[in-house]
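# Secondary and tertiary structure notes
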Protein chains: 6
Amino acid sequence: MFMLDKKSIYQYEGINSIYHDADIVICGVPFDGTCSNRPGTRFGPDGVRTEIDGLETYSPYQDEDMIDYNYVDVGNIEIPIGSTSRTMGCIHENIKSLLTDNKKIITLGGEHLISYPIVKAFVEKYRNLHVVHLDAHADLRSDYLGEKLSHATVMRRIYETLNNGYIFQYGIRSGTKEEFQFARKYTKLQAFNLDGIEKVKSIVGNDPVYLSIDLDVLDPSIFPGTGTPEPGGVDFNELINGIISLKDVNIVGADIVELSPHYDLSGVSNIVAAKTLREVAIIMSKREEHLYE
Amino acid sequence: MFMLDKKSIYQYEGINSIYHDADIVICGVPFDGTCSNRPGTRFGPDGVRTEIDGLETYSPYQDEDMIDYNYVDVGNIEIPIGSTSRTMGCIHENIKSLLTDNKKIITLGGEHLISYPIVKAFVEKYRNLHVVHLDAHADLRSDYLGEKLSHATVMRRIYETLNNGYIFQYGIRSGTKEEFQFARKYTKLQAFNLDGIEKVKSIVGNDPVYLSIDLDVLDPSIFPGTGTPEPGGVDFNELINGIISLKDVNIVGADIVELSPHYDLSGVSNIVAAKTLREVAIIMSKREEHLYE
Amino acid sequence: MFMLDKKSIYQYEGINSIYHDADIVICGVPFDGTCSNRPGTRFGPDGVRTEIDGLETYSPYQDEDMIDYNYVDVGNIEIPIGSTSRTMGCIHENIKSLLTDNKKIITLGGEHLISYPIVKAFVEKYRNLHVVHLDAHADLRSDYLGEKLSHATVMRRIYETLNNGYIFQYGIRSGTKEEFQFARKYTKLQAFNLDGIEKVKSIVGNDPVYLSIDLDVLDPSIFPGTGTPEPGGVDFNELINGIISLKDVNIVGADIVELSPHYDLSGVSNIVAAKTLREVAIIMSKREEHLYE
Amino acid sequence: MFMLDKKSIYQYEGINSIYHDADIVICGVPFDGTCSNRPGTRFGPDGVRTEIDGLETYSPYQDEDMIDYNYVDVGNIEIPIGSTSRTMGCIHENIKSLLTDNKKIITLGGEHLISYPIVKAFVEKYRNLHVVHLDAHADLRSDYLGEKLSHATVMRRIYETLNNGYIFQYGIRSGTKEEFQFARKYTKLQAFNLDGIEKVKSIVGNDPVYLSIDLDVLDPSIFPGTGTPEPGGVDFNELINGIISLKDVNIVGADIVELSPHYDLSGVSNIVAAKTLREVAIIMSKREEHLYE
Amino acid sequence: MFMLDKKSIYQYEGINSIYHDADIVICGVPFDGTCSNRPGTRFGPDGVRTEIDGLETYSPYQDEDMIDYNYVDVGNIEIPIGSTSRTMGCIHENIKSLLTDNKKIITLGGEHLISYPIVKAFVEKYRNLHVVHLDAHADLRSDYLGEKLSHATVMRRIYETLNNGYIFQYGIRSGTKEEFQFARKYTKLQAFNLDGIEKVKSIVGNDPVYLSIDLDVLDPSIFPGTGTPEPGGVDFNELINGIISLKDVNIVGADIVELSPHYDLSGVSNIVAAKTLREVAIIMSKREEHLYE
Amino acid sequence: MFMLDKKSIYQYEGINSIYHDADIVICGVPFDGTCSNRPGTRFGPDGVRTEIDGLETYSPYQDEDMIDYNYVDVGNIEIPIGSTSRTMGCIHENIKSLLTDNKKIITLGGEHLISYPIVKAFVEKYRNLHVVHLDAHADLRSDYLGEKLSHATVMRRIYETLNNGYIFQYGIRSGTKEEFQFARKYTKLQAFNLDGIEKVKSIVGNDPVYLSIDLDVLDPSIFPGTGTPEPGGVDFNELINGIISLKDVNIVGADIVELSPHYDLSGVSNIVAAKTLREVAIIMSKREEHLYE
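Looking at an unreviewed UniProt entry, one finds chain A named Agmatinase, with Vallitalea maricola as its source organism.

Below, the structure is given as structure tokens:
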């Protein structure tokens, strides 16, 4: 089993704490093994890092600065190439180990399937976990071409893993008829956009929440660097405002997935992912402060 | 003369009927011979097909599934390279032949000039045909560099071909002063956007309508894969909603033109065209159902 | 010192006057020497010119045609490569010389730092000059990595250069906390968008105004061809409408900067810059007419 | 288990026989699951097909024409995404089934690991099979990051599978010190180039031979479309002449692997692969004729 | 009919004579109307010009400098888009007119078909003209998809146009069996490479010669920017040395065709074409000197 | 002044020593301030590093492994953007400081001008230093557009800096007539290729030698990722063999310059540079061993 060293592997302005001091741990999961379309999300974590150094640490959206909080980037979880099941185990063990140290975690994908072993580890710690899911795709298939573990089934698997927690889905605009029917019954679905995301807080209260952001929820005009782009998505400001509207929610973990840098030669998709990371990191840190108030 | 075989050349989930059973025939016209800017729309039909297999057949916009209707893709009309006038004849004959079989037709371009011989064939069958034209460019020049037959003159030629039918133009944001003056006099022009497109039905009633979609009506942010991109266009959702607002109109034929795949290395433009095809195909099929009610 | 020849170097439909007759002189400044990120704005002026010939001279946004006014393109100011200070002097001298001939000037960048020597020359002629600044970045640092002259400090230098003139800033969405604090104190800042730009006229009256457009104020979805793209920008129509809302302002000079053509393989960014040039040129010409009324 | 339909899925000039009549069956294996570098060979088979139609069927290198022989393209073996071991089984079963019908087979990759289950099936039919291996990489590791089944171990696995057959290796220019030591002991290694390949015939006589062509044996100047390009390879003519020098060898099967089309935007790599297929197909067919003499 | 102005449209170091003084006239023919594969050679002439300014005027291959001779670039022949036959006439008239002024001519393509009307004009002036043809393709078809005028038939048409002149073909590596048979009978064919090109002089003596260089004679590794790349071509030095070996031949006209800049994002293909132009221009000028000796 | 920390900033298999133990120090100089063509060599050092991890440490060319020697990568020298003269001073001081610690140094460019301050520092330590220069360009101009410090003048400046040392130039194929005349008089010039490079040892004996490799000495087919590509260069094997033929020369320092990664979308140029680094590093280390024999 490949285990993370829990050391600060990469340092940038704003993300330069040591593991012991960090409230929030950032790690990459360069796995794209079940991608059925254009692969390449394995390059996602490094795509984000390419742009972090050039990014301002200050967010004018939140009037907050990353340098006022403690973040550490522990590098990538090593992937046993060619085996999905071993990969699932490996991710699960690593996340469990970080949770044991009482860290909040932001994972950089990689494909969306990585959310499954991550959420499993979170549910083991937080029994009443809810999931907020931003995505173009429902990802609710029972199986995909016979496989239970797939980027197209990940939210179904997560649905089966949660206890009483809700799945809130936003931005969904692609799926089979069956997936939409399932969503209407069993998840809290807002198709096409992020309308109503500000109401999550009133539903979940102080319950722990996991935030899963498949960046293809964005329109491919601003985020072409992904395996399965879906025209008709939200724009960057809608995404950022949606994220910020969750600032009072008790987010204990998050992932930002499906960045495939090689499909965007302009490099803009990397920047989009890096700025999303900044805003997510800050809302998760601010929450920390709120708790101490 | 190159005539289509009227066989199912390509089969995908959702487009897998045989010619005899199909209500709607899809064919490609890979012609870009009068393109005066960046050529390459000859690759348009195959660009759409590249993405059809990965596309969900279910439209969450309409809550309808392509698998519930009968479509056939009969492949591309072969083009006599180097001769515009022979090409015009060839397209005209093929479309006439399909119309004789009482098919509705969706043509995949190719450059916009192909609409001229197609509409001519439709007018021969449907004397009172109207045309709904979505485009960034007015295409209303009398001639272009001395040529009567050009992508820049196509709507002028179509105007001369119609009997009493109207031309409704939406999204136009580029042209000469003369073209805009002509449009204000002789066509029903909505510049810049698709506002008011939902009123077409009340004007045309049950008259037959031909829908011509030059995909450069879209903003180049979402559709860079075209020969003459014009910033300031509509976004994908405006286009889809505009199309769906025509769902009660008696659309007997349509074209989707000006996709030039090689100019969009991300592949997003191909996906945009494929999804547009799905929505157009469904509204043309649903209409069929309405008639039987 | 490299001085412009003041001859018509490039001729296109709509920009084909001779220097003597031209009200507005267009020139390029292919300098990217302080770019700290992706260089290449040196190719900006030629990137614009690549598209000018294919561009309609008629603006449907303003119902005006470039052929009704007199523009001349005198080519590029030659840059002494490798020396920022000599470059600053060279730009300053050339602009002064054009101003001596009582020309209005539109400069095509190049990086944003070029605005500093240009504005300096304008202030020498127009003591009470104001600046309208459209940009994603505040550009208000006191220094950048120890350098006083940098694309990141240009508006700070300009601030120090103006006498009583205001700096109006629109669209700013990236900067340090200090820059935003400075802006709130010393400039008229509208972050994120162009809201309120139509009120500039009522504040400045007939005072001379310099308009500096860093095209990265646009969202990178429509303008990826730039060195430091910032997601979350304005769309093309907002930019054009913002510019047109300045049509009664006494704009005596303008620049359009930070186009880096090689980072946009679709060529759309070049077209965006060329259309922006058309709209800016027309509002500066129309104003001329207003004065004679 | 996904089994091929044994029907002519794709037809082009020169490859348009039906399964029953075909001497040589062409099929694709779009698997890139153990790729540890840049993925995308899953698009390889379709990359070849994109160019086949435009390719002349006549080879001036051999003065032979594909239209004089019988080839069929039965499409792609479907891959159970995410599981290397199930994929191995699936490939093995399909190849066995084709061999039962006494076909010669040319497989289009996909990554190099696919050669392992293919050769296994061939050895089951041809006990004394030899392998001729053209590649930049030795692929002789015992395991790769703990995995026994990997593109980096495939020739080691094949070595263990053969009975008395030789492995002839040509063009190898990258590997660990251990791999080169292993090769010097256990395979017939010609590093860097294809020198001596014409002597294979004299060693193997009429024994059955499997030809495995990893196209990265070519220099990346002519074949950049691959996951792990290695400068210093052979040029196209060396490869073609090397292949033709095997024309009297009893080649019963072949693969052409590691084409990753998305990494070569010029499309040249697809053409290289298609021409390689033509030459391989012809030498395998001519041999057939020689036997009847 | 669009006739050239016979003025110096573009000026660069080394190509800055006026028409009257120039021994050699350079003009562009941006026609790609019969291209059956990837279009875009219409951008060829401007692709060459993009690089001419950065090119050294001195050739170390010949120890000669362009500044010692008189060249003029008169710009592009305007093309009546959409009509091959009118285009042929237009090219023919323009070339005839330049020949009337006793100029040598170097034409920049555009597709190869342009050589036909050019050679026709040359034969009208030089009855005993020979043609030296460098190309990957034989271009000797009688017709192509029913069309007599096509890039694939151009040398056949030229063969029919010449009186007693020979066609020397070098580098040919693609064609139908029939084309190669025709070539073996009726042209002087050297397949695959340029071997023996130095013997042309001894065969033609002082007869006038037209040199037609289809740049796809080069290997696509060094020249990917073309519509139909053919692996296995000559390298740059072979081409340059081949050209220089013709330095005592009485070359009265030349063309450099099939550059399609958009298919080579690195820009190298443009540079290759520009350097080829330099070497061709110098050998045609030096010959001039030889005559006066 | 920005001084290096002399710490191991990046670690890869084969380059993982600490500064104190390392015989050879690798550092980057991301400067492209005098580039007059396409900029971007500032990304060169990181372009090399992107590929180092995937590169085998074992060289089959030399049968040597990097893991048997001690290398350290101390990261990049920070550049004062916008000032060439300050940059020169900064590089000079850093190199002097490394030389004081008795290190051999391999510098990764950046543009070629960086060799000037580096060689100056070496000459201060090694009075009788010779320079071996591999390049497409002579770089021997006295000044370039009035500037003394330029990538086009660097070897002239170095010539003025050396005491009795020779400059050996190989591969030169572009320059002015004056540069070639200068070279024939004052340097040991081998134009076009690397012929005779194996004789350097017999001329210089045990004198210290600096090796400057401008990677554009390679043909752009294998190395398009550079600012001024020159067709007609050497291939990869010629370069590697040329380098290895210097293995008994006392090389005390080297640079590998002019990699501009963004101009090669395939990534091959980065790999070429990384493999060149491996071979240079090994010959500089082996020499060390020879001395102890």
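### Details of the sheet that holds strand S4 (residues 71-76) of chain D
Residues and elements named next belong to chain D. Taken together, 8 strands build an open sheet; the order of strands is S4-S1-S5-S10-S9-S6-S7-S8 and the sheet is parallel. Every interior strand has two partners, whereas the edge strands, S4 and strand S8 (188-191), have only one. Geometrically, the sheet is characterised by an average inter-axis angle of 15 degrees between neighbouring strands, direction not taken into account. Both strand S1 (residues 24-29) and strand S5 (residues 104-109) contribute to a ladder of 6 bridges, which runs parallel. Looking at S5, one finds that Ile24 is bridged to Lys104. Contacting S1, S4 and S5, helix H1 (residues 44-52) crosses the sheet at an angle of about 140 degrees to S4.

### Some thoughts on the relation of the copies chain A and chain D
Overlay of chain A on chain D (RMSD 0.0 Å): rotation 180 degrees, translation along the axis 0.0 Å. Taken together, the rotation and translation describe the operation of a two-fold axis. The share of interface residues of chain A whose copies in chain D are also at the interface is 100%, consistent with both copies meeting through the same surface.

### Structural notes on the environment of Asn250 of chain D
Along the chain, Asn250 of chain D turns up in strand S10 (residues 250-257). Expressed as a C-alpha distance, the spacing of Asn250 of chain D and Leu211 of chain D, which sit 39 residues apart in the sequence, is 10 Å.

### Comments concerning the interface of chain B and chain E
Tallying the contact residues gives 24 residues for chain B and 24 residues for chain E. Across the chain B to chain E interface the summed buried area is about 1,800 Å²; carbon plus sulfur atoms make up 51%. The largest contributions to the chain B side of the interface with chain E come from Arg42, Ile81 and Glu147 of chain B, which together make up 30% of the buried area. Counting across the chain B and chain E interface gives 2 salt bridges. Glu147 of chain E is the partner of Arg86 of chain B in a salt bridge, and the nearest nitrogen-oxygen pair spans 2.5 Å. The tally of links from chain B across to chain E stands at 10 residue pairs in polar contact (both at pLDDT 80 or more). Here the residues of the side of chain B that touches chain E sort into 9 nonpolar, 9 polar and 6 charged.

### Quick notes on a nonpolar patch on the surface
Where nonpolar side chains cluster on the molecular surface, the patch consists of Leu265 of chain A, Leu265 of chain B, Leu265 of chain C, Leu265 of chain D, Leu265 of chain E together with Leu265 of chain F and spans about 430 Å² of accessible area. Looking at the secondary structure, you find Leu265 of chain E in the loop between strand S10 (250-257) and helix H8 (268-292).

### Things to note about the side chain of Arg278 of chain E
Residue and element names in this part refer to chain E. Its location among the elements puts Arg278 in helix H8. For Arg278, a relative accessible area of 2% puts it in the buried group. Leave out the neighbours within four places in its chain, and Arg278 touches Leu55, Glu56, Thr57, Tyr58, Ser59, Pro60, Tyr61 and Met66.

### Some points on the confidence of the model for chain A
Parts of the prediction with low pLDDT should not have their coordinates interpreted in detail. Averaged over all residues, the pLDDT of chain A equals 95, while 97% of them reach at least 70. Here the predicted complex scores 0.96 on pTM and 0.95 on ipTM.

### Thoughts on the packing of helix H3 (residues 115-125) of chain D against helix H4 (residues 154-161) of chain D
Helix packing for two helices is described by the angle between their axes and how far apart those axes are. All names here are of chain D. Interhelical geometry of H3 versus H4 gives an angle of 15 degrees and a closest axis separation of 9 Å. In terms of their interaxial angle, H3 and H4 are classed as roughly parallel. The element H3 and its partner H4 pack so that their crossing is right-handed. Residues Ser115, Tyr116, Val119, Lys120 and Val123 of H3 form the contact with H4, whose participating residues are Val154, Arg157, Ile158 and Thr161. For the contact of H3 with H4, the per-class residue count stands at 5 nonpolar, 2 polar and 2 charged.

### Let's talk about empty space enclosed by the protein
Applying the stated criterion to the full structure yields 16 cavities of 30 Å³ or more. Each pocket or cavity is described by its volume, and for the largest cavity that value is around 80 Å³. Lining the largest cavity, in full, are Asn37, Thr228, Pro229 and Glu230 of chain B together with Glu51, Gly54, Leu55 and Ile271 of chain C.

### Some remarks on the pairing of strand S8 (residues 188-191) of chain A
The two faces of the sheet receive side chains in turn, since in a regular strand these alternate between them. All names here are of chain A. Pairing analysis gives 4 bridges linking strand S7 (residues 167-172) to S8, with the strands arranged parallel. Directly across from Gln169, in S8, lies its bridge partner Leu189. Once you follow S7 into helix H5 (residues 177-186) and on to S8, the crossover reads as right-handed.

### Overview of the pattern of salt bridges
Enumeration over the complete set of coordinates arrives at 66 salt bridges over all chains. For Arg157 of chain B, the salt bridge goes to Glu160 of chain B, with nearest N and O atoms at 3.0 Å. A residue pair is termed a helical-turn pair when its members lie 3 or 4 positions apart in one helix, as Arg157 of chain B and Glu160 of chain B do in helix H4 (residues 154-161) at 3 residues. A single network of salt bridges, built from pairs that share partners, joins Asp46, Arg49 and Asp73 of chain A.

Rules behind the numbers
- Residues numbered from 1 in each chain as written.
- Chains lettered and ligands numbered in written order.
- Predicted model: local features only at pLDDT ≥ 70, side-chain atom pairs only at ≥ 80, totals over all residues.
- Heavy atoms only, no water.
- Pairing = 2+ DSSP bridges.
- Helix = DSSP H or I, 4+ residues; strand = E, 2+ residues; numbered from the N terminus.
- Axes fitted to C-alpha atoms, helices over the stretch in contact; angles between N-to-C directions.
- Contact = heavy atoms within 4.5 Å.
- Least-squares fit on C-alpha atoms with pLDDT ≥ 70 in both.
- Buried area = accessible area lost by both parts, 1.4 Å probe.
- Salt bridge = Lys/Arg side-chain N within 4 Å of Asp/Glu carboxyl O.
- Polar contact = N/O pair within 3.5 Å; in protein donor to acceptor, adjacent residues only side chain to side chain.
- Nonpolar A, V, L, I, M, F, W, Y, C, P; charged D, E, K, R; others polar.
- Patch = residues over 30% accessible without salt bridge, like charges linked within 9 Å, V, L, I, M, F, W, Y side chains within 5 Å.
- Areas by Shrake-Rupley, 256 points an atom, 1.4 Å probe, with all protein chains shown as cover.
- Buried < 20%, exposed > 50% of the residue type's maximum accessible area, 1.4 Å probe, protein only.
- pLDDT = per-residue confidence, 0-100.
- Parallel < 35°, antiparallel > 145°, perpendicular 65-115°, else oblique.
- Left-handed = near helix turned anticlockwise from the far one by under 90°.
- 1 Å grid on protein atoms, 1.4 Å probe; cavity = no way out; pocket = protein on both sides within 12 Å on 5 of 7 lines; lining within 4 Å.
- Points joined across faces, edges and corners; volume = space filled by probe spheres on them.
- Right-handed = clockwise from strand over helix to strand, strands pointing away.

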